[in-house]
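# Breakdown of the fold
So you can see what is in the structure, the chains are spelled out below.
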Amino acid sequence: MAEEGAGVPRPATNPFDEELRRTAFQKKAVSRLGAAEVLELAIAFFNERGYRAGHTGRPNQVFVMGKREGILPRVTGEISARGDVGRPGVTLVTLDAAGERLGPLMGEFYQHLRAVSRRPA
């Protein structure tokens with residue numbers, strides 16, 4: 001198998017895969033809020049903006065689901081939170097989404113989470 005970039009053309013990809021790659025938002029954040037607080041904040045944030053959001057079957061994880069965006073027939077995202085990572089009182093939040101509107105909106109949630117985390121108690 002030849003290495004990419006060695007003069008070998010890149011194989012054609014599925015348009016859905018290309019759209020997912022183009023609109024993806026993946027980031028990790030640290031918050032002073034508890035894991036449950038982060039997840040409830042996420043559910044409220046996305047429900048207010050027209051997406052379905054709720055707890056998954058896994059602990060400390062939330063799904064975000066939306067309708068058609070661009071060529072994607074449905075968009076999804078997920079947020080997970082792990083409490084007491086590194087030091088007590090620190091929550092590691094993993095954000096993952098794709099979609100023409102959902103990707104940038106997940107970025108807005110990231111900024112919102114950072115702003116909320118900085119407020120004094």
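Residues numbered from 1 in each chain as written. Predicted model: local features only at pLDDT ≥ 70, side-chain atom pairs only at ≥ 80, totals over all residues. Heavy atoms only, no water.

A word on the confidence of the model for the chain. The predicted model of the chain has a mean per-residue pLDDT of 89, with 88% of residues at 70 or higher. Ranking the elements of the chain by mean pLDDT puts helix α1 (residues 15-23) last with 89 and strand β3 (residues 61-66) first with 97. (pLDDT = per-residue confidence, 0-100. Helix = DSSP H or I, 4+ residues; strand = E, 2+ residues; numbered from the N terminus.)

Bringing helix α3 (residues 102-118) into the picture now. Here α3 contains 17 residues, and its C-alpha end-to-end distance of 24 Å stays within 8% of the 24 Å for a straight helix at 1.5 Å per residue. Those residues of α3 that fall on the buried side of the exposure criterion are L102, G103, L105, M106, G107, F109, Y110, L113, V116 and S117. (Expected span 1.5 Å × (residues − 1). Buried < 20%, exposed > 50% of the residue type's maximum accessible area, 1.4 Å probe, protein only.)

At a closest axis distance of 11 Å, the pairing of helix α2 (residues 35-48) and α3 adopts a crossing angle of 135°. In this view, α2 runs oblique relative to α3, as classed from their interaxial angle. Crossing angle aside, the handedness with which α2 passes α3 is right-handed. For the pair α2 and α3, contact is made by V38, L41, A42, F45 and F46 and by L102, L105, M106, E108, F109, H112, L113 and V116, respectively. (Axes fitted to C-alpha atoms, helices over the stretch in contact; angles between N-to-C directions. Parallel < 35°, antiparallel > 145°, perpendicular 65-115°, else oblique. Left-handed = near helix turned anticlockwise from the far one by under 90°. Contact = heavy atoms within 4.5 Å.)

Tracing the chain through its elements places E48 in helix α2. Classification of E48 by relative accessible area gives exposed; the value is 63%. Within the structure, E48 has its side chain in polar contact with the side chain of R49 (distance 3.4 Å). (Polar contact = N/O pair within 3.5 Å; in protein donor to acceptor, adjacent residues only side chain to side chain.)

The subject of this paragraph is the sheet that holds strand β5 (residues 91-98). The five strands lie next to each other as β1-β5-β4-β3-β2, forming an open sheet whose pairing is antiparallel. Both edges of this open sheet fall to β1 (24-31) and β2 (52-55), since each of them pairs with a single strand only. Taken over all neighbouring pairs, the strand axes of this sheet differ in orientation by 15° on average, direction set aside. Across eight bridges, the pairing between β1 and β5 is antiparallel. Following the sheet pairing, A29 is matched in β5 by V93. Contacting β1 and β5, α1 crosses the sheet at an angle of about 35° to β1. (Pairing = 2+ DSSP bridges.)

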